[in-house]
Amino acid sequence: MRFSNSMIVRKKFRLRVGARTIELGERTLVMGVLNVTPDSFSDGGNFFRTADAVKAALAMQRAGADFLDIGAESTRPGSTGISGEEELERLLPVLQGLRGRLRIPVSIDTQKARVAELAIGAGAEMLNDISGLKSDPQIAEVAARSGVPLILMHMRGTPRTMQKGPWAKDVMKDVSRGLRESVDIARRAGVRKSQIILDPGIGFGKSFAQNYELLAKLPALARLGYPLMVGSSRKGYLGATLARDGKPLPAEERIWGTAATVTASILQGAHIVRVHDVEEMVQVARATDCLLHPKLRPRNAAG
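First, a word on scope: everything that follows refers to the structure included in this document. None of these values were measured; they are calculated from a predicted model. (Residues numbered from 1 in each chain as written. Predicted model: local features only at pLDDT ≥ 70, side-chain atom pairs only at ≥ 80, totals over all residues. Heavy atoms only, no water.)

Turning our eyes to something else, we now look at the overall build of the chain. Check the secondary structure of the chain and you find ten helices and ten strands. What you see for the chain is a C-alpha radius of gyration of 18 Å, in line with the 19 Å of a compact globule of 303 residues. Dimensions of the chain, computed from the C-alpha atoms along their principal axes, are close to 55 × 50 × 40 Å. Burial statistics for the chain: of 303 residues in total, 55% are counted as buried. Taking as baseline every contact in the chain between residues at least 6 positions apart, the subset at least 24 positions apart corresponds to 69%. (Helix = DSSP H or I, 4+ residues; strand = E, 2+ residues; numbered from the N terminus. Rg over C-alpha atoms; globule rule 2.2 N^0.38 Å. Buried < 20%, exposed > 50% of the residue type's maximum accessible area, 1.4 Å probe, protein only. Contact = heavy atoms within 4.5 Å.)

As structure tokens, this is what we get:
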């Protein structure tokens, strides 16, 4: 990759989150992942207890996260999902425990409109739908009524089937078409264009090679006209890339591979990176941003 005259220039956007206006594009924003589940692929069970989840959320804030994304239903490959009632039983105590203690916006990773609505009532300020409104289109109506930002991700298939193929013949066309369809659903429901963020869905129904292709061709997705979020953290394609003795590298050991893909995402135009290792990836983002924006580069001390 060449960095001189071919440097990617991120388009700037303004996102309304509660009473705040957040600038997207001047620097990379970091979204910390908090899974309050017993079975997520990367950290299942670590934060299942409410006290542990609250502690982890506050630690991510201290580490420099700009957003917190809480998921109470595992979407790992092969997962079958849970009821809305169970999802709320996991989620609402965490939101209650964070109320008044967290200064950064909370996003809710859910595919259910009822969960989304009750989570917003409990203090959440963003919605993140990995199905891109395919599972429950009424999430768009919830987002429109409340005015919260809506992240629309591309997923081919469902979590239960997505890594069994068949893969798209042209992953860029498949992702672009799917995201356009999701945007159309959101816009018809009344979601403002300025409140929509797109996510190509790294690891969700793509082959290992296609994940790298998406990262390399992010500027093509930027032409859809929306800010981009990329979640490449700890995914299975990194485990395969970094395999030892024919065995995928465990999720918790994929931090350096994640750092490489976070760097690539930023250089290719991502506005937000969604990560598990917040402290480390905040450093990666700050250093990478200095390649894109000269005014962010540090100056030598006088004398």
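This is not the end of the story, as more comes after the structure.
You will see that Arg-234, though not glycine, has its phi angle at about 60 degrees, which is positive. By the element assignment, Arg-234 lies in the loop between β9 (229-230) and α8 (236-241). Here Asp-245, not a glycine, exhibits a phi torsion of approximately 50 degrees, which is positive. Looking at the secondary structure, you find Asp-245 in the loop between α8 and α9 (255-267). By relative accessible area, Asp-245 is classed as exposed at 82%.

With that settled, consider the side chain of Gln-268. Relative to the assigned elements, Gln-268 resides in the loop between α9 and β10 (272-275). For Gln-268, a relative accessible area of 10% translates into the label buried. A polar side-chain atom of Gln-268 sits 2.5 Å from the main-chain carbonyl oxygen of Ala-216. (Polar contact = N/O pair within 3.5 Å; in protein donor to acceptor, adjacent residues only side chain to side chain.)

What follows concerns the nonpolar core. Membership of the largest hydrophobic core comes to 73 residues, with the highest contact counts inside it found for Leu-34, Leu-68, Ile-70 and Leu-127. No other element matches helix α5 (residues 171-188), which puts seven residues into this core. Sequence-distant contacts of Leu-127, defined by excluding residues within four places in its chain, comprise Ser-107, Ile-108, Ala-116, Ile-120, Ile-139, Val-142, Ala-143, Val-148, Pro-149, Leu-150 and Ile-151. In terms of nonpolar packing, the next biggest core, distinct from the first, is built from 13 residues, Ile-22, Met-126, Met-229 and Ile-272 among them. (Core = buried A, V, L, I, M, F, W, Y, C linked by side-chain atoms within 4.5 Å.)

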